[in-house]
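# Residue-level structure breakdown
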Amino acid sequence: MSTFLASLGRFSARHRMVVVTAWLALFLGLAGVIAANGMGETAEDTIPDSRASQALAVMGEHFPSEQPAEDAQELQLVFAPETGSVADPAVAEEIQGLLDEASALPGLESITNPLDPENPYISPDGSTAVSTLTYVGLDEEQQEPSYEAALELQESAPDELGVELGGNLVALGSEQGIGEIIGVLAAFLVLLVTFGSLRAAGANLFVAAFGVGVGLIGTFAYGALTPIGGNTIVLASMLGLAVGIDYGLLVLSRFQHELRGGRTVEDAVARATGTAGTAVVFAGATVIVALVALVVADIGFVTEMGFAAAFAVLTAVLLSVTLLPVLLRTMGMKALSKKHRREIAEGLRYTDDDARTGGFLRSWGTGVVKHPVVSLVAGTVVLAIVAIPFLSMKTAFSVPGGADPESTERAAYNLILDEFDGVQSPVIVLAEGEDVASSADDLERELAALPAVTSTTPVEISADGQFARITLIPEGGPIDDSTKELVQDIRDRDDTLVEGLTLEPTGEAAIGIDQGDALNEALIKYVIVIVLISMALLVLMFRSILIPVVATAGYLLSLLASFGASTAIFQWGWEFPLVRAAQGDPMMSLLPILLVGVLFGLAMDYQVFLVSRIKEMHDQGLPAREAIIEGFARAAPVLVAAATIMTVVFAGFASATFAIAASIGFGLMVGVIADAFIVRMILMPAAMTLLGESAWWLPKWLDKLLPVIDTEGHTLDHPSHREPEVANA
């Protein structure tokens, strides 16, 4: 592998225009697919084969009814006066006046009067009334001004009338904030400090950004041919950027090391792609296999996310061993800092003796090796404490009432929920039997008697007499535990609750519950697959049984710490200076899967960065403890730079005002800090120190069975592959 990659790097350095032309042709070809077919339709992120979804489809066949226009949208004006009833003459007059103003709102199709005696929408205690505003045919340009006009009306209403505006006409998204910009600039500064060269830092970011571009345009090109989910690119963009920077950093650092050791530019390119490039390919292959393994979730849009992210990682790997060598050859000695170029001009060479000199990171590694028990216990305790909130983590496929718990939209939703129970998200029960009509009374009586049901609608019978439909108004909202228990209770007794009938709950609430449960089950399957893949591939790479066990356990610890911190900040509502987004809601069901995927990719990078260097020192004959110190001293600068870059980039996302983007960014930020600075830089060397030589133990039968993966590039030192080490400035 290392020999092939060294040859590939040398070919790229010698035939730069060929490589650049090939990548441009690929980019333009993918763009051409989009230009020829358009962006394509966006598929809904749903689970059509869930029980509730299937029941809804059956209900649609047997209970055809008038459906609202596909482009219809609704808002609710909720009136909750501070004193008195909505039916009081003075209050009713104010409500009527506001409704008259609302009737003139731009784009409004119709408005209901909650005080209409023939069709009232008033709470039983008379404290709340709800008017529905219906809009039809609004395009994207009309939606925002129409909603803003309704919002201005709500804000201008008398305070004593207690008016809130429910619903939304605009799909809220993340606004580009100063935090994201600062994060990218900080990442560039870290690269600049790490490399000491503006050109090297720019090359690293350019290749990573180009990789994200190719990955995304490739996904969009696929989407132009077949519909894909709206969240498909989320994992691909974040993971593509993360590993793109990491892989480029590893290869560039090795290139600088080889130049300072006296190699020619072309030989340094070949050596860097043969050694660091091998680690990149292996780390990338591990992540790609893990992402493709998302197919085990058996959820269409989750599988799409996995394949799109795998394509992004594959792109980053290929760019690191093809396009990056082109830039390395182009920069030549200018990839080094002025100080290092001056040293080379003076005939000074960087040797292993230079690597043994002191420094903060060497002292860090030495301290961990000298005190392994204290380091291991302290690091584990810190991560365990941060992970504690995970025990109370709740997830939801979508949170009703908008993304901001402090918004008027959420206030309106809660008012309706408090006064009308779960009328906004009822549970519809579909009953099937040979003679449902004769069991209609029993059906209504049994369902109305369930603990979480406040009221029911009359039973409807299908035209063929085989199905009945009844709507239940639950006590709570669609994500409340009481509603989940209600749905589960009906399913547990689906064929015994009413004799002769089979029941199936459906509707928005039941579908949302099914989707959340499916994603939680997918998460468990995915983590199991990740652990197995991690163990197998790390055994292959490091030819050790115990090191993969420690590495995988450390990844799980950092993952739990990420979950725990995210729960404390976004679910519990703990204050954190960086976070500006709304807090207090359950985590979105997709978030854990995203964190598992991205953090696994980064954890594998950091593991390869560190332990491959330690293994290289150990293979050269150093005792276990000394190999850990020497390998740590060489790998730590790259690891710290890579982790710092990801930390500041994700911190930028965490400062977003949109809760979903902020929770993803924050979770990844905490996960990177936990994995890189605690797991890889404390727990891993401490555990390896305690294990000693047994860390590299591998059963003889397995040693013979496994192929040799030369991640350290030893074959490049063979006389048949050794290049002359003569500097060429």
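Residues numbered from 1 in each chain as written. Predicted model: local features only at pLDDT ≥ 70, side-chain atom pairs only at ≥ 80, totals over all residues. Heavy atoms only, no water.

Attention now moves to the overall build of the protein chain. A count of helices and strands for the protein chain gives 24 helices and 13 strands. The C-alpha extent of the protein chain, read off along each of the three principal axes, is 95 × 55 × 50 Å. Taken over 729 residues, the protein chain has a buried fraction of 55%. In the protein chain, 37 side chains carry a positive charge and 86 a negative one; their mean positions are 30 Å apart. (Helix = DSSP H or I, 4+ residues; strand = E, 2+ residues; numbered from the N terminus. Buried < 20%, exposed > 50% of the residue type's maximum accessible area, 1.4 Å probe, protein only. Lys, Arg positive; Asp, Glu negative; His and termini not counted. Charge placed at Lys NZ, Arg CZ, Asp CG, Glu CD.)

Our next topic: helix H20 (residues 546-571). Over its 26 residues, H20 extends 36 Å from the first C-alpha to the last, a length consistent with the 38 Å expected when each residue adds 1.5 Å. A positive backbone phi angle near 90 degrees is found at Gly573, which sits one or two residues after H20. (Expected span 1.5 Å × (residues − 1).)

What follows is about the environment of Arg14. With respect to the helices, strands and loops of the structure, Arg14 is situated in helix H1 (residues 2-14). Along the backbone, Arg14 and Glu266 are 252 residues apart, and their C-alpha atoms lie at a distance of 8.0 Å.

Once that is clear, we can look at the sheet that holds strand E4 (residues 129-136). Spatially, 4 strands are ordered E3-E4-E2-E5 in an open sheet, and the strand pairing comes out antiparallel. Edge positions in the open sheet fall to strand E3 (108-111) and strand E5 (163-166), since each of these has one partner strand only. Direction aside, neighbouring strands of the sheet carry axes that sit 25 degrees apart on average. The pairing of E3 with E4 spans 3 bridges and is classified as antiparallel. Bridge pairing links Ser110 to Thr134 in E4. Taken strand by strand, helix H16 (residues 408-420) contacts strand E2 (72-79), E4 and E5, and its axis lies near 100 degrees from that of E5. (Pairing = 2+ DSSP bridges. Axes fitted to C-alpha atoms, helices over the stretch in contact; angles between N-to-C directions. Contact = heavy atoms within 4.5 Å.)

This part is about the pattern of salt bridges. Between side chains of opposite charge, pairing is possible as soon as their charged atoms come close. What the rule picks out here adds up to 22 salt bridges. Between Arg263 and Glu258 there is a salt bridge, with its nearest N and O atoms 2.7 Å apart. Here Arg263 and Glu258 have matching classes, each one buried. Its salt-bridge partner being Arg491, residue Glu504 comes within 3.3 Å of it at the nearest N-O pair. With a gap of 13 residues between them, Glu504 in strand E12 (residues 502-506) and Arg491 in helix H18 (residues 481-492) connect regions that are remote in the sequence. The same class applies to Glu504 as to Arg491, namely buried. Via salt bridges that share partners, Arg254, Glu258, Arg263, Arg271, Arg613 and Glu616 belong to a single interconnected network. (Salt bridge = Lys/Arg side-chain N within 4 Å of Asp/Glu carboxyl O.)

A few words now on the side chain of Thr408. By the secondary structure assignment, Thr408 is in helix H16. For Thr408, a relative accessible area of 16% corresponds to the buried category. Of the polar contacts made by the side chain of Thr408, one reaches the backbone nitrogen of Leu165; its length is 3.0 Å. (Polar contact = N/O pair within 3.5 Å; in protein donor to acceptor, adjacent residues only side chain to side chain.)

What follows concerns the packing of H20 against helix H23 (residues 659-691). With their axes 7 Å apart at the nearest point, H20 and H23 run at an angle of 145 degrees to one another. Classified by chirality, the crossing of H23 by H20 is right-handed. In terms of residue class, the contact of H20 with H23 is built from 22 nonpolar, 7 polar and 2 charged. (Left-handed = near helix turned anticlockwise from the far one by under 90°. Nonpolar A, V, L, I, M, F, W, Y, C, P; charged D, E, K, R; others polar.)

The residue His618 is located in helix H21 (residues 591-619) in this model. Looking at His618, the relative accessible area reads 18%, which means it is buried. Residues within four places of His618 in sequence aside, it is in contact with Ala624, Ala627, Glu693 and Trp696.

Bringing the packing of aromatic side chains into the picture now. The tally for this structure, following the rule as stated, stands at 12 aromatic pairs. Ring geometry for Tyr555 against Phe600: centres 5.6 Å apart, planes inclined by 75 degrees, an arrangement best described as edge-to-face. Linking Tyr555 in helix H20 with Phe600 in helix H21, this pair joins segments that are 45 residues apart in sequence. Among the aromatic side chains, those forming a connected cluster through ring pairs are Trp23, Phe27, Phe206 and Phe210. (Phe/Tyr/Trp six-rings, centres within 6.5 Å; stacked < 30°, edge-to-face > 60°.)

On to a nonpolar patch on the surface, then. Judged by side-chain polarity, Val373, Val377, Val381, Ile385, Ile388, Leu391 and Leu690 come together as a nonpolar surface patch covering roughly 680 Å² of accessible area. The element that contributes the greatest number of residues to the nonpolar patch is helix H15 (residues 372-387), accounting for 4 residues. Mapped onto the fold, Ile388 is located in the loop between H15 and strand E7 (395-396). (Patch = residues over 30% accessible without salt bridge, like charges linked within 9 Å, V, L, I, M, F, W, Y side chains within 5 Å. Areas by Shrake-Rupley, 256 points an atom, 1.4 Å probe, with all protein chains shown as cover.)

Residues with a pLDDT of 70 or more make up 93% of the protein chain, whose mean pLDDT is 87. No element of the protein chain has a lower mean pLDDT than helix H13 (residues 352-355), which averages 52, and none a higher one than H15, which averages 97. Low pLDDT (under 50) marks residues 724-729, which in the prediction has 14 contacts with non-local residues, meaning those over four places away or in another chain. (pLDDT = per-residue confidence, 0-100.)

Taking 1.5 Å as the rise per residue, helix H3 (residues 51-62) with 12 residues should run 16 Å; its terminal C-alpha atoms sit 17 Å apart, in good agreement. When we look at burial in H3, the residues that qualify are Ala52, Ser53, Ala55 and Met59. In an axial view of H3, the angular spread of the buried residues amounts to 160 degrees, which keeps them on one side of the axis. Of the surrounding elements, those touching the buried residues of H3 are strand E8 (427-432), strand E11 (467-474), H18, E12 and helix H19 (508-542). (Arc of directions from axis to C-beta.)

Mapped onto the secondary structure, Thr644 falls in helix H22 (residues 624-654). On the basis of relative accessibility, which here comes to 24%, the residue Thr644 falls in the partly exposed class. For the pair formed by Thr644 and Met669, sequence separation is 25 residues and the distance between their alpha carbons is 9.6 Å. Ignoring sequence-local partners within four residues, the contact set of Thr644 consists of Val190 and Phe677.

Attention now goes to the environment of Phe27. Within the element layout of this structure, Phe27 appears in helix H2 (residues 16-37). What makes Phe27 partly exposed here is its relative accessible area of 26%. Taking the C-alpha atoms as reference points, Phe27 and Ile217, separated by 190 residues in sequence, lie 7.6 Å from one another. Among all residues touching Phe27, those that are not within four sequence positions of it are Phe210, Gly213, Val214 and Ile217.

The buried count for E11 comes to 8 of 8 residues, which makes it a mostly enclosed element. Neither face of E11 is left uncovered, since the one carrying Phe467, Arg469, Thr471 and Ile473 and the one carrying Ala468, Ile470, Leu472 and Pro474 both have all their residues buried. Bridging between E8 and E11 involves 6 bridges; their strand directions are antiparallel. Across the sheet, residue Leu430 finds its bridge partner in E11, namely Arg469. Across 3 bridges, strand E9 (residues 453-456) lies against E11 in antiparallel orientation. Paired with Val453 across the two strands is Pro474, which belongs to E11. Looking at chain direction, strand E10 (residues 460-461) and E11 are connected through 2 bridges and run antiparallel. Residue Glu460 lies in a different strand from E11, and its bridge partner there is Arg469. Between the end of E10 and the start of E11, which pair antiparallel, lie 5 residues, with Gly465 showing a positive phi angle near 75 degrees.

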